[in-house]
Structure formats: C-alpha cells, structure tokens
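If you want the building blocks of each chain, they are given just below.
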Amino acid sequence: MGMLIFSRLAAPFGMWETHAGEPLQDTPDMMVELRDQWRECAAGPTIPRALDFTPVALRSIANNLALVDLRLGVEQARYLWAGQGLVKLFGPPLTGKLLSQCYSGKTLAEVRDAYRRMLELGGPVFSDRCFRVFTEKLGYHRLMLPLLDDTGEVGFAMLMILPKGNLRTASDWRCLEMELDLVEALRSTER
C-alpha cells in the first residue's frame, strides 16, 4: 500500500501529513497494538464487526479512543463515544455530536477527508500530522479503523489520537489554529 504525503509551507510555519495503511516510522506502539487487536477480531482478511471490537474490551487505552457512526455517510458522521483524553484535546464533550458540530472550515474538511480515505482503503489508516510554528514542532498521530455494522457494511470507525509535542489540551490546539489562520490571512493579503 502506498503512502501519501502532503505539505504546506509558509516562512516559519509549516504543516505535513503522512497517511499509510501500515504503521509509519514513529507510530506509537499503542497504535500498532490496537491495529493488531483489530486484525485479531476480524475473521481472516475481513473487517471486524463493531460489536466484536468495542472500547469496553480496550479499557487500558480507552481514554484515547472514539467510536464514530458512519452509517448515514461521512457528511452525517457522529461521535457515539469519546474517551476523556480526546475530550481534553477537543474541549467540550464529543459524544452524540456530528462532526459538523465539532469542526468547521478547513478542519472539518480534513476530518471528513480522513474518514473518506479510510473508507476507500477499507482498512486501517495511520496518519502523522506535524505542524512547525517557528522552531517548535507539534502534532498528533491518528489511527482510524473501519468496523462493520449489522448489515456487513462499514458503518463505524474506531479512532485513536495521540498528541505529540506540547499540544495537550483544547486551548493549545485553538492557539495553534489561530496562529495558522493568521498566517493564512497574512499570506492572502500579500498576493
């Protein structure tokens, strides 16, 4: 399976994304172990059913997980459950909310694209996102795992996000988003 790499650069700022069906060079062991458990729940090369692969069975890592309902499509995707580690990163509770109630603009587009990528690949998607703000590198590792619903179609996704660098809370992310939006605005006025 190939690897996709995207980058945007702006003077002292930058953003890089890498996506792959297999673990990336610095993927945390916890994510590889989650993918391995996902594979064990599957019968052969198929995707496991959501009922066979739940956060309850993954208590030791549940803080960093979310279960997303995709049965009505990516445009109507909804968080069915989110661990406290993800809530701390996001801010308000995620459970029960549509993606569009949690994100907007470029962030919403990126999140929806990530779920579409997972659906297209029909398997795990490891992502590494890195932001450079002056000399500091920040970002997160993300793993998305498709899960089958009762009809045998991909209807759910298990999501794991692990931050890296100094981004640990929602306010850290909001500050980074504001800085990057400011850079975008400044670049657009220079054109």
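Criteria and cut-off values
Residues numbered from 1 in each chain as written. Predicted model: local features only at pLDDT ≥ 70, side-chain atom pairs only at ≥ 80, totals over all residues. Heavy atoms only, no water. Helix = DSSP H or I, 4+ residues; strand = E, 2+ residues; numbered from the N terminus. Buried < 20%, exposed > 50% of the residue type's maximum accessible area, 1.4 Å probe, protein only. Contact = heavy atoms within 4.5 Å. Areas by Shrake-Rupley, 256 points an atom, 1.4 Å probe, with all protein chains shown as cover. Core = buried A, V, L, I, M, F, W, Y, C linked by side-chain atoms within 4.5 Å. Expected span 1.5 Å × (residues − 1). Pairing = 2+ DSSP bridges. pLDDT = per-residue confidence, 0-100. Salt bridge = Lys/Arg side-chain N within 4 Å of Asp/Glu carboxyl O. Arc of directions from axis to C-beta.

Caption draft 1: Expanded view of the overall build of the protein chain. Broken down by element type, the protein chain carries five helices and seven strands. Counting from the amino terminus, the protein chain carries its helices and strands in the arrangement β-β-α-β-β-α-α-α-β-β-β-α. A buried classification covers 48% of the 191 residues belonging to the protein chain. Sequence-distant contacts, at least 24 apart, represent 55% of the contacts inside the protein chain between residues at least 6 apart. Summed over all atoms, the accessible surface of the protein chain reaches about 10,100 Å², with 55% contributed by carbon and sulfur.

Caption draft 2: Representation of the nonpolar core in the model. Core analysis: the biggest nonpolar cluster contains 27 residues, and Tyr-79, Leu-99, Tyr-103 and Tyr-115 have the highest contact counts within it. Secondary-structure elements contributing two or more residues to this core are strand E3 (65–69), strand E4 (78–82), helix H2 (84–90), helix H3 (99–102), helix H4 (105–121), strand E5 (125–133), strand E6 (136–148) and strand E7 (154–164). Among the elements that take part in this core, H4 stands out by supplying five residues, more than any other. Grouped together as the second largest cluster of nonpolar side chains are 21 residues, Ile-47, Leu-65, Leu-147 and Met-158 included.

Caption draft 3: Region of the structure containing H4. With 17 residues, H4 ought to run about 24 Å at 1.5 Å a step, and its terminal C-alpha atoms sit 25 Å apart, in line with that. Every buried residue of H4 is accounted for by Leu-108, Glu-110, Val-111, Arg-112, Ala-114, Tyr-115, Arg-117 and Met-118.

Caption draft 4: Structural context of the pairing of E3. Here E3 lies mainly inside the structure; five of its five residues are buried. Inspection of the sheet shows E3 paired to E7 by five bridges, in the antiparallel sense. Across the sheet, the residue bridging to Ala-66 is Leu-159, located in E7. Looking at chain direction, E3 and E4 are connected through four bridges and run antiparallel. Its bridge partner lying in E4, Val-68 is registered against Tyr-79.

Caption draft 5: Just the confidence of the model for the protein chain, in detail. Averaged over all residues, the pLDDT of the protein chain equals 81, while 73% of them reach at least 70. The secondary-structure element of the protein chain with the lowest mean pLDDT is strand E1 (residues 3–10), recorded at 44, while E3 shows the highest, at 95. For the stretch residues 4–11, pLDDT sits under 50, and the model shows 22 contacts to residues farther than four places along the chain or on other chains.

Caption draft 6: Fine view of the pattern of salt bridges. Scanning the model with the defined rule gives 11 salt bridges in all. The closest approach of N and O atoms between Asp-69 and Arg-71, which form a salt bridge, is 2.6 Å. Of the charged contacts, one joins Asp-113 and Arg-116 as a salt bridge, the two residues approaching to 3.3 Å between their closest N and O atoms. One end of the pair, Asp-113, and the other, Arg-116, are both in helix H4, three residues apart, so they sit about a helical turn from each other. Residue Asp-113 is classed as partly exposed on the basis of its relative accessible area, which comes to 38%. Several salt bridges converge on common partners, so that one network encompasses Glu-22, Arg-35, Asp-36 and Arg-39.

Caption draft 7: Structural context of helix H1 (residues 29–41). Here H1 is 13 residues long and its end C-alpha atoms lie 19 Å apart, about the 18 Å a rise of 1.5 Å per residue gives. What H1 keeps buried is the set Met-31, Val-32, Leu-34, Arg-35 and Trp-38. End-on, the buried residues of H1 take up no more than an arc of 160 degrees, which puts them together on one face. The exposed residues of H1 that point more than 90 degrees off its buried face are Asp-29 and Glu-40.

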